[in-house]
Amino acid sequence: MRLFFCVELPPPVRAELARLAARLRPRVRGAKWVEEENLHLTLRFLGEVGEDLLPGLQKLGEAAAGEAAPFELVLDRLGAFPSPSRARVLWAGTAGDAAPFVALAARLEEGVQRLGLPPEEKTAHPHVTLARLRIPGDLASLLGTTALTPLPVGLDALTLMESELRPEGPRYTPLARWPFRR
Ligand code: 2AM
């Protein structure tokens with residue numbers, strides 16, 4: 001099964017991001033836009049894992065969420081991976097405090113390594129992917145000229161998500177949700 005840990009976004013936040021995506025769409029060529037219902041913040045992508053890992057991942061999710069307190073992120077900037085001028089991924093993220101998100105990602109990273117998964121090389125960076133470009137594009141001017149109205153997002157639970165890849169796009173199914181309860 002193909003899994004990842006994430007924080008789901010409240011429906012009004014997804015709706016606001018979908019409106020933003022609709023505004024940006026005419027200015028980005030050759031992109032696949034993320035369906036509104038699929039917009040989320042990935043904490044740790046696990047990839048294909050055996051079902052035997054599920055109990056350990058469930059224990060880890062429960063423990064990590066139990067040690068975390070609800071927090072807020074303000075989505076207030078657009079960015080691109082790997083760089084604005086050769087963008088493959090267009091995202092909404094934060095210029096503000098991401099420490100609780102990064103701490104939770106680090107806790108999960110430590111836990112999944114203890115379960116035997118290889119380490120994640122990339123540093124955790126809270127972002128909501130809006131679009132993926134089939135061919136890297138130059139989004140520097142788009143990013144330089146689009147101001148986001150800061151969008152505060154209250155985050156209160158961790159989700160272990162299954163992702164099934166289908167020709168028409170991924171289908172995400174939450175396998176478990178644990179509230180942040182510290
Ligand atoms: P992205 O949004 O930056 O593309 C489900 O695929 C989630 O896991 C996505 O949000 C994706 O991040 C993240 N992810 C991280 N590494 C991935 C990888 N190697 N393949 C697919 N998704 C990955």
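Residues numbered from 1 in each chain as written. Predicted model: local features only at pLDDT ≥ 70, side-chain atom pairs only at ≥ 80, totals over all residues. Heavy atoms only, no water.

## Concerning helix α3 (residues 99-114)
Counted only if it meets this: Strands are runs of DSSP state E lasting at least two residues, helices are runs of H or I lasting at least four, and both sets are numbered from the N terminus onward. The span one expects for a helix is its residue count, reduced by one, times 1.5 Å. With a 1.4 Å probe rolled over the protein chains alone, any residue whose accessible area is under 20% of its type maximum counts as buried; one over 50% counts as exposed, and the rest are partly exposed. Whether two residues touch is decided by their heavy atoms; if any such pair falls within 4.5 Å, the residues are in contact.
Relative to the 22 Å expected for 16 residues at 1.5 Å per residue, α3 spans 23 Å between its end C-alpha atoms, a close match to the ideal helical length. Where α3 is concerned, the buried positions are F101, L104, A105, R107, L108, E109, G111 and V112. Next to the buried residues of α3 lie β1 (2-8), β3 (40-48), α2 (54-66), β4 (71-75) and β9 (157-164).

## Here's the deal with the pattern of salt bridges
Any two side chains of opposite charge can pair, so long as their charged atoms come close to each other. For the record, the criterion: By definition, a salt bridge exists where a carboxyl oxygen of Asp or Glu is found within 4 Å of a side-chain nitrogen of Lys or Arg.
Counting across every chain of the model gives 7 salt bridges. Between E16 and R19 there is a salt bridge; the shortest N-O distance is 2.8 Å. Of this pair, E16 and R19 both sit in helix α1 (residues 11-24), 3 residues apart, which is roughly one turn of that helix. With its nearest N and O atoms 2.8 Å apart, the salt bridge here joins R107 to E67. Of this pair, R107 sits in helix α3 while E67 is found in the loop between α2 and β4, placing the two residues 40 residues apart along the sequence. Accessibility expressed as a relative area gives 19% for R107, which makes it buried.

## Description of the site of the ligand
To keep it simple, the criterion reads: Neighbouring residues are identified by heavy atoms, a residue being near a molecule or strand if any of them is within 4 Å of it. For the purposes of these results, a polar contact is taken to be a pair of N or O atoms within 3.5 Å, where, inside protein, one atom must be able to donate a hydrogen and its partner to accept one; residues adjacent in sequence count only when each atom of the pair is a side-chain atom. To be clear on the numbers: accessible area is Shrake-Rupley with a 1.4 Å probe, and residue cover counts the displayed protein chains and nothing else. Grid points spaced at 1 Å and placed over the protein atoms alone form the basis of the search, with a cavity being a set where a 1.4 Å probe fits but cannot get out and a pocket an open set showing protein on both sides within 12 Å along at least five of seven lines. Lining residues have an atom within 4 Å of a point. Grid points define the cavity or pocket, and a molecule sits in it when more than half of its atoms lie within 2 Å of them. Each residue is assigned to one of three groups, with Ala, Val, Leu, Ile, Met, Phe, Trp, Tyr, Cys and Pro labelled nonpolar, Asp, Glu, Lys and Arg labelled charged, and all others, Gly among them, labelled polar.
As a matter of local geometry, the ligand sits amid R2, F4, H40, T42, F45, H127, T129, R132 and Y172. In this structure, H40 approaches the ligand through a side-chain N or O atom, which is 2.8 Å from an oxygen atom. At 2.3 Å from an oxygen atom of the ligand is found a side-chain nitrogen or oxygen belonging to T129. In isolation the ligand exposes 460 Å². Once the protein is present, 72% of that is buried. A majority-of-atoms criterion places the ligand in the largest pocket. Put simply, the parts of the chain that give the shell around the ligand at least two residues each are β1, β3 and β7 (127-137). A class-by-class count of the residues in the shell around the ligand yields 3 nonpolar, 4 polar and 2 charged.

## Description of the sheet that holds β1
For clarity, the threshold we go by: Pairing between strands is defined by DSSP: at least two bridges between the two strands are required. Between N-to-C directions, angles span 0 to 180 degrees; the directions come from axes that are lines fitted to C-alpha atoms, helices contributing only their stretch in contact.
Spatially, the 4 strands line up as an open sheet ordered β3-β1-β9-β10, and their pairing is antiparallel. Strand pairing shows two members of the sheet lacking a second neighbour, β3 and β10 (171-179), which therefore form its edges. For this sheet, the mean angle separating the axes of adjacent strands, direction not counted, is 25°. Where β9 lies against β10, 8 bridges are found, and the strand directions are antiparallel. Looking at β10, one finds that E164 is bridged to R171.

Purely spatial values, then, with no claim about function.
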